[in-house]
Amino acid sequence: MRRNCRLAALSATLFLFLAGCAEDAPQDFLKPQGPVARQIDKLMDPVFIVAGVVFLLVQGLILVAVIKFRSKPESPEPEQIHGNTRLEVGWTLAPALILLAVAVPTIATIFDLAQKPENAVNVTVIGHQFWWEYRYDDLGVVTANELRMPVGRPVELTLNSDDVIHSYWIPALAGKMDVVPGRSNRMHLIADAPGDYLGQCSEFCGESHANMRAKAIAMAPRDFDAWVAGQRAGAVTAAPGTPAEEGSTLFAQKGCGGCHTVAGVSEGVLGPDLTHFATRTTFAGSIFANNDANLRTWLRDPQAAKPGNKMIIPGAPLTPDEITKLIAYLNSLR
Amino acid sequence: MAIVTPERPDALAPEQPLNVPARFLRRPTGYTPGLWGWMTTVDHKKIGIMYSVTAFVFFLIGGLEALLLRIQLGGPDQTFLRADTYNQLFTMHGTTMIFLVIMPLSAGLANYLLPLMIGARDVAFPRINAFGFWVFLLGGLFMYSSFFLGGAPNGGWFGYVPLTRNMPGHNIDYWVFGLQILGIASLSGAVNLIVTVINMRAPGMSLMRMPIFVWMSLVAQFLLLFAIPVITVALFLLSFDRLFSTNFFNVAAGSDPLLWQHLFWMFGHPEVYILILPAMGIVSEVLPVFSRKPLFGYQVMVFSGIAIGFMGWGVWAHHMFATGLGPVAVSAFSASTMFIAVPTGVKIFNWISTLWKGKLTFPTPMLFAIGFVAMFTIGGLSGVTHGVVPGDTQQTDTYYIVAHFHYVLFGGSMFGLFAGAYYWYPKFAGRMLDERLGKIHFWLMFIGFNMTFGPFHILGLQGMPRRVYTYPEDMGWDMWNMVSTIGSFIIALSILTFIINIIKNRKPQEVGDDPWDARTLEWSIPSPPPEYNFKEVPLVTSRDELWHRKYTEDEDGRSVRREVTLGQEKMAGTEVEPSPAEGHEAPDHMEGDHTDGEGHPDGESHDEEQEPHIHMPSPSYWPLVSALFLPVISYGMIYKTWAVAILGGVGIFGSLYAWALEPATAPEDTPVHGPDTSGDDLEAVPV
């Protein structure tokens, strides 16, 4: 009976441990999905192995020592050894040499990753409290929350901040880089395959730092070009007599245009450009999927949803009916 | 300069000199009992106890903050704490544990032990010592008052600009001024301990015969001396920006926010060595005692500690690898960061070699010391992985980093400090802590600690960033966060065990001078020590002086107990000539060194029954009074009530002036111990 209990406990522990390892973690950086992240991962693999070996060696020596040299009644007083110069030299030189061996590829990788790639799509990323803005200046596209990118081609990011220090991070594709106001940093991403790559701001930036998520969406090159074309188009005008059109009127009346740009309609710089809002899969710093229910929650009380965020609706509070119309308008902005 | 005072028939109630204004303003004497006695004490042992008890209370508070954080993060999308509350709690948790727990615990131990270990009767500047404690206490209270006055600091313990420059409210101001106050405490302690160690070692105690804890504390004090001014500058710049709209960190005016980071981390990195070196010193004391052999490689341990102290100044930008410094800078710091692992690793191997071929016993202090070696290794290894910059661009600002520093600061520093607590408790308190409860504490803490912080490695590798008040449920982080939260409560349980142990063992016991059969001088005096520490100033002839007095070595180098412990034979009725210098031609004495320059306490009698006449510095209330004005200045500054700030400034200058005019030993004070039998206990007051 006791044996079964012990076995059960052991298997449960093992299962838990393995379950933890196997769980799907979209921001796991041990599963790189692009050459930049893979280069980092390849560098770290031997480092982790060396660390693991040293760990086993040291803990093993401790265990052996405490077992082998524990005091027994018959054991004599130990020899009062003061040191051993040869050992000291040995265990100074050996780690130094191992570290040297690690330092060389490390520095090589640092310089390699610092090179600007050829044939890149250029995007300026601007960090705001608490959302990411993306400007494809060569292509004339402005968007927010999602970085759309073509598969297999480098995306060269110029990283700026509008307010405080944030950090841009898509773990499956690359390491992170801070956006520092007053400075421009750079990094590049490449995705192997189409798909969604999640990330988030990784430098404490205020109350809703935890709510400043990021998402890169890699697409087949043709799809990317089609997306660009769609984004370059002007804003869709809502058909007269529709709820969307009523929503567009509210958009002006309630002061939304003061912060949000809709091409040809309003010029606001404090909040994300909404010209093609309906083409985005997320909003509000990518914490919400772009659907009606979430939009309603958001428009009812943005502060409750994302404390400390900068969206104060001038015309608040909005009635449920007004919200319905605004949602219709937002959904029309394809 | 001899001082003549009126006759004093009653040694217990010193007669009031003519010109002391009022009774309550009278300077307390060495006999002051009760609360006022503690508030005016300049005895390094009492001050050490106050530092340690206060720091332990802050440890409980910081731990409570951690539990609240862990409850909030125990599952996804929880609403136990609001975002801003969480941000205040994580800021205060870090600030508390670093500045109000580990630093003062290390200071408290150093305060108590350094004089004992070097054979001195007190520190060089006893009143500055007291001042340092009161400033620490008041600084901590000041910072915590923010919870009730608009909200606690919420910009992280690192306070990056421009976020903290522009943060509305006074939260950040409390952080800035609180740290400035605490910096004053640290600096006064540093100066005091450095001067003490350099100047007040017993005859024969060369630097290389000092206990290793003294060495590691000394290096830490030098680090404090040079690092605190750096953060002082940074904090001044930030406070001026916030209070007076200067532009040090104003991006619109052309400032670079990275300036703050460089200044902060130039302090911050030496700071972490300040946090670990004393604990390393403790481990280096405990392991030899319970292995019954000396510390392996004492010289190497000293020099690696010094090397870490120096090299620690050259790695600061490894906290900034993702800020865009450029490949050259980043490569340089990557290399320096990797290489600081060399002297650190050397220590690990020397500790293991201390155990090797020893005769090991495992009372609680030994468990914690060995635990330190094991846990610090893990933290050190993850630290090396951070040094590989491209890897660090993934690891930085994730829970993988949080894992690293908790392994070195909790598994390292705190385990080391607990080892010291259990090891020296008999000396401080004159009682042993219960071994069974101690072992329960250790194992619960070991398990709880690894359960709490082990999963952080995984969470970090799975992409969970730091300083987030919540996380969504489809990130794969739920399970390990829950495991961690459970672990944190096991840690809490272990600390409860420690508290119960202390409370249960309140009754005085007869522990004797040397319950552990230890190696260093603090175990050659009673437990707890008398106020004057050493009846006779010890003469030191070797490292591990006490062990040398108790043991000699046979031809195999094994210890053999001497028949008579060296230094004891003097007590067996041998007459010693009275010290010739009744005249007090003392060469440069420091406060607290009340000998006649020849190693004999003044007017000493060698009669076993008679306590020696050893003059100790008199208590004083000026350290406490001066310290009180520091928060006054700070409150005045924060609320821009200049009258209050100026009042505080005048107050502290006035207090320091009065303090400076006050002699170290009050002329009307009586000897601390024993009645006056020599007919002349009038003492030259050392300058």
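From a predicted model like this one, the values you see are computed outputs, not experimental measurements. Sequence order as written defines the numbering, with residues in each chain counted from 1. Note on labels: chains are lettered from A, ligands numbered from 1, in written order. Thresholds applied to this predicted model are a pLDDT of at least 70 for local features of residues and 80 or more for the giving and counting of side-chain atom pairs; totals over whole chains, interfaces and linings are not thresholded and use all residues. To obtain the side-chain values, all non-hydrogen atoms of the structure were used and water was disregarded.

1. Focus on the overall build of chain B
Inference 1: Starting at the N terminus, helices and strands are each numbered in turn, a helix being any DSSP run of H or I of at least four residues and a strand any DSSP run of E of at least two. Per the secondary structure count, chain B includes 19 helices and 2 strands.
Inference 2: Per-residue burial over chain B gives 63% buried out of 687 residues.
Inference 3: Contacts between residues were defined by any pair of non-hydrogen atoms, one from each residue, lying within 4.5 Å. In chain B, once contacts between residues fewer than 6 apart in sequence are set aside, the share between residues at least 24 apart is 81%.
Inference 4: Calculation of accessible area relied on Shrake-Rupley with a 1.4 Å probe; when residues are assessed, cover is drawn exclusively from the protein chains displayed. For chain B, the accessible surface area stands at approximately 24500 Å², while carbon and sulfur atoms represent 67% of it. When accessible area is computed with a 1.4 Å probe and restricted to protein chains, residues below 20% of their type maximum are described as buried, those above 50% as exposed, and intermediate ones as partly exposed.

2. A look at helix α15 (residues 435-461) of chain B
Residues and elements named next belong to chain B.
Inference 1: Each helix should span, by expectation, one fewer than its residue count multiplied by 1.5 Å. Between its terminal C-alpha atoms α15 stretches 39 Å, which fits the 39 Å expected from 27 residues at 1.5 Å a residue.
Inference 2: To obtain the bend at a residue, axes are fitted to the seven residues ending there and to the seven starting there, and the angle between these axes is taken. Where α15 bends most, the angle comes to about 25 degrees, and this point is Met451, followed within four residues by the proline Pro455.
Inference 3: Sitting at the head of α15, Asp434 places a side-chain oxygen 2.9 Å from the backbone nitrogen of Arg436.
Inference 4: Trailing α15 by a residue or two, Gly463 shows a phi angle of about 90 degrees, which is positive. Identification of polar contacts relies on pairs of N or O atoms within 3.5 Å, with a donor-acceptor requirement for protein atoms, meaning one able to donate a hydrogen and the other able to accept it, and with residues adjacent in sequence counted only if both atoms are side-chain atoms.

3. Quick look at the sheet that holds strand β9 (residues 195-200) of chain A
Residues and elements named next belong to chain A.
Inference 1: Two strands qualify as a pair provided DSSP detects at least 2 bridges between them. Ordered by their spatial adjacency, 3 strands build an open sheet running β4-β10-β9, and the pairing between neighbours is mixed. Each edge of the sheet is formed by a strand with only one pairing partner; in this case those strands are β4 (146-150) and β9. Averaged over all pairs of adjacent strands, the angle between their axes in this sheet comes to 20 degrees, without regard to strand direction.
Inference 2: Of the strand pairs in this sheet, β4 and strand β10 (residues 213-219) are connected by 5 bridges, and their pairing is parallel. Pairing of Met149 across the sheet is with Ala218, part of β10.
Inference 3: Angles run from 0 to 180 degrees between N-to-C directions of axes, and those axes are lines fitted to C-alpha atoms, restricted for helices to the stretch in contact. Packed onto the sheet, helix α4 (residues 221-232) meets β4 and β10 and runs at close to 130 degrees relative to β4.

4. Some words on the interface of chain A and chain B
Inference 1: Between chain A and chain B, the contact holds 88 residues from the first and 97 residues from the second.
Inference 2: A carboxyl oxygen of Asp or Glu within 4 Å of a side-chain nitrogen of Lys or Arg is what we treat as a salt bridge. A salt bridge links Arg467 of chain B to Glu203 of chain A; its shortest N-O distance comes to 3.7 Å.
Inference 3: The tally of links between chain A and chain B comes to 28 residue pairs in polar contact (both at pLDDT 80 or more).
Inference 4: Only α1 (2-22), α2 (35-68), α3 (85-113), β7 (177-179) and β9 of chain A provide two or more residues apiece to the side of chain A that touches chain B.

5. Side note on the state of the cysteines
Note on terminology: disulfide describes a covalent bond linking the sulfur atoms of two cysteines.
Residue and element names in this part refer to chain A.
Inference 1: We call a pair of cysteine sulfur atoms a disulfide whenever their separation is within 2.5 Å. With the rule as written, the count across this model stands at 0 disulfides over all chains.
Inference 2: Cys205 takes part in no disulfide bond, and the closest cysteine sulfur to it belongs to Cys201, at a distance of 3.9 Å.
Inference 3: The thiol of Cys256 is not disulfide-bonded; the next cysteine sulfur, from Cys259, is found 8.7 Å away.
Inference 4: Overall, the relative accessible area of 15% leaves Cys256 in the buried class.

6. Quick look at the nonpolar core
Inference 1: What we call a nonpolar core is a set of buried Ala, Val, Leu, Ile, Met, Phe, Trp, Tyr and Cys residues that are connected through their side-chain atoms within 4.5 Å. Ranked by size, the top nonpolar core spans 260 residues in total, and within it Leu147, Leu157, Tyr168 and Leu189 of chain A together with Trp260, Trp351 and Phe372 of chain B carry the most contacts.
Inference 2: Per-element tally for this core: the top contributor is helix α3 (residues 83-118) of chain B, with 22 residues.
Inference 3: When sequence neighbours within four positions are dropped, the list of residues in contact with Tyr168 of chain A reads Val125, Trp132, Tyr134, Leu147, Leu157, Leu159, Gly175, Lys176, Met177, Met187, Leu189 and Ala214 of chain A.
Inference 4: Core analysis: the second largest hydrophobic core is formed by 20 residues, Val262, Phe283, Leu295 and Ile313 of chain A among them.

7. Looking at a positive patch on the surface
Inference 1: Patches draw on residues past 30% relative accessible area with no salt bridge. Two like charges within 9 Å are joined, as are two nonpolar side chains (Val, Leu, Ile, Met, Phe, Trp, Tyr) within 5 Å. Neither His nor the chain ends contribute to the count of charged residues, in which Lys and Arg are positive and Asp and Glu negative. Each charge is placed at NZ for Lys, CZ for Arg, CG for Asp and CD for Glu. Together, Arg436, Lys504, Arg506 and Lys507 of chain B make up a positively charged patch on the protein surface.
Inference 2: Turning to its location among the elements, Arg506 of chain B is positioned in the loop between α16 (478-504) and α17 (545-550).

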